[in-house]
Amino acid sequence: DAKTTQPPSMDCAEGRAANLPCNHSTISGNEYVYWYRQIHSQGPQYIIHGLKNNETNEMASLIITEDRKSSTLILPHATLRDTAVYYCITNAGNNRKLIWGLGTSLAVNP
Amino acid sequence: SQTIHQWPATLVQPVGSPLSLECTVEGTSNPNLYWYRQAAGRGLQLLFYSIGIDQISSEVPQNLSASRPQDRQFILSSKKLLLSDSGFYLCAWRWQYYGYTFGSGTRLTVV
């Protein structure tokens, strides 16, 4: 079973920020939080990862709570092309297996 | 730059027929390679992973097998397909300690 919990679906208006939450209350001290997304009929795409500190790259920002039990992926200015299923995964990095849940289906609306 | 190729994109096969899906990686050596399957409306399920030539680990006992005859080639096979083998098959390689890159996937329909 997946070790993370995400809402099954969310909507966001184009141009607005999309904030996708993830609960990982059983995360271990050496586990990272990864985010991937999967556009329909394509392979998942890596977005961002973090351990303790907040992270930002050209795609998104990752906010991790101080207790590390939850995180939020932020797409600052969502576009129609951001419509996808977003997966939050925790993994120790040296572990070969990622356990995937069902993710959050994000619909960006015009 | 590193790229991953997976083919074919779609495949329709009759029950009982054999299967061979191929995945190749370019621009890296000794990659960790993975085969995943995604059933409709489900998350990704790890089928096999490989840390090197002829080194295959199976995660789920089933009708499928994997082989790695060359460093950057990973093959998923079946001798006799079942209806339950239908799904979206994805090859991936781990490009860093943290990240995975996936191929474009093969949509397999067993009829």
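Rules of the game
- Residues numbered from 1 in each chain as written.
- Chains lettered and ligands numbered in written order.
- Predicted model: local features only at pLDDT ≥ 70, side-chain atom pairs only at ≥ 80, totals over all residues.
- Heavy atoms only, no water.
- Contact = heavy atoms within 4.5 Å.
- Buried area = accessible area lost by both parts, 1.4 Å probe.
- Salt bridge = Lys/Arg side-chain N within 4 Å of Asp/Glu carboxyl O.
- Polar contact = N/O pair within 3.5 Å; in protein donor to acceptor, adjacent residues only side chain to side chain.
- Helix = DSSP H or I, 4+ residues; strand = E, 2+ residues; numbered from the N terminus.
- Disulfide = S-S within 2.5 Å.
- Buried < 20%, exposed > 50% of the residue type's maximum accessible area, 1.4 Å probe, protein only.
- Pairing = 2+ DSSP bridges.

J.: How do you make sense of the interface of chain A and chain B when you look at a structure like this?
T.: The interface of chain A with chain B comprises 21 residues on the first partner and 23 residues on the second. Carbon and sulfur atoms make up 55% of the area that chain A and chain B hide from each other, which totals about 1,800 Å². Across the chain A-chain B interface, the total number found is zero salt bridges. On the surface where chain A and chain B come into contact, there are four residue pairs in polar contact (both at pLDDT 80 or more). Mapped onto the side of chain A that touches chain B, the elements with two or more residues apiece are strand S3 (32-38) and strand S4 (45-50) of chain A. Here the side of chain A that touches chain B gets four residues from one element, more than from any other, and that element is S3 of chain A.

J.: Sorry, what's going on with the state of the cysteines here?
T.: Note on terminology: a disulfide is the covalent bond linking the sulfur atoms of two cysteines. Counted under the stated rule, the structure contains two disulfides over all chains. Sulfur-sulfur distance for the disulfide between Cys22 of chain A and Cys88 of chain A comes to 2.1 Å. Because the torsion about its S-S bond is -80 degrees, the bridge between Cys22 of chain A and Cys88 of chain A counts as left-handed. A residue pair is termed long-range when its members are at least 10 positions apart, and Cys22 of chain A in strand S2 (residues 18-23) and Cys88 of chain A in strand S8 (residues 84-91) qualify at 66 residues. Between the sulfur of Cys23 of chain B and that of Cys91 of chain B lies a disulfide, 1.9 Å long from S to S. Here Cys23 of chain B and Cys91 of chain B share a disulfide; its torsion about the S-S bond, -70 degrees, makes the bridge left-handed. With Cys23 of chain B in strand S3 (residues 19-26) and Cys91 of chain B in strand S9 (residues 87-94), this residue pair connects regions lying 68 residues apart in the sequence. Residue class for Cys91 of chain B comes out buried when judged on its relative accessible area of 0%.

J.: Looking at this structure, how should I read the pairing of S3 of chain A?
T.: Here is the key point about a regular strand: its side chains alternate between the two faces of the sheet. Residue and element names in this part refer to chain A. With seven of seven residues buried, S3 is to be regarded as a mostly interior element. Side-chain alternation along S3 places Tyr32, Tyr34, Tyr36 and Gln38 on one buried face and Val33, Trp35 and Arg37 on a second face that is also buried. Summarising the sheet, S3 and S4 pair through five bridges and their orientation is antiparallel. Looking at the pairing, Trp35 lines up with Ile48 of S4.

J.: How do you make sense of the pattern of salt bridges when you look at a structure like this?
T.: Close approach of charged atoms lets side chains of opposite charge pair. Going through the model one piece at a time under the given rule, you end up with four salt bridges over all chains. Here Arg37 of chain A ties to Asp82 of chain A by a salt bridge, and the two come within 2.7 Å at their closest N and O atoms. You can see Arg37 of chain A sitting in strand S3 and its partner Asp82 of chain A sitting in the loop between strand S7 (70-75) and S8, a full 45 residues away along the chain. The same class applies to Arg37 of chain A and to Asp82 of chain A, which are both buried. Across the pair Arg37 of chain B and Asp85 of chain B runs a salt bridge whose closest N-O atoms are separated by 3.7 Å. Remark: Asp85 of chain B occurs in the loop between strand S8 (73-78) and S9 and Arg37 of chain B occurs in strand S4 (residues 32-38); sequence separation between them is 48 residues. Accessibility classification places Arg37 of chain B together with Asp85 of chain B in one group, the buried group.

J.: Got a minute to help me understand the environment of Pro69 of chain B in this structure?
T.: Residues and elements named next belong to chain B. Mapping Pro69 onto the fold places it in strand S7 (residues 65-70). For Pro69, a relative accessible area of 44% gives the class partly exposed. Pro69 sits 15 residues away from Asp54 along the chain, and the two C-alpha atoms are 6.3 Å apart. Apart from the residues within four sequence positions on either side, Pro69 is in contact with Ile53 and Ile75.

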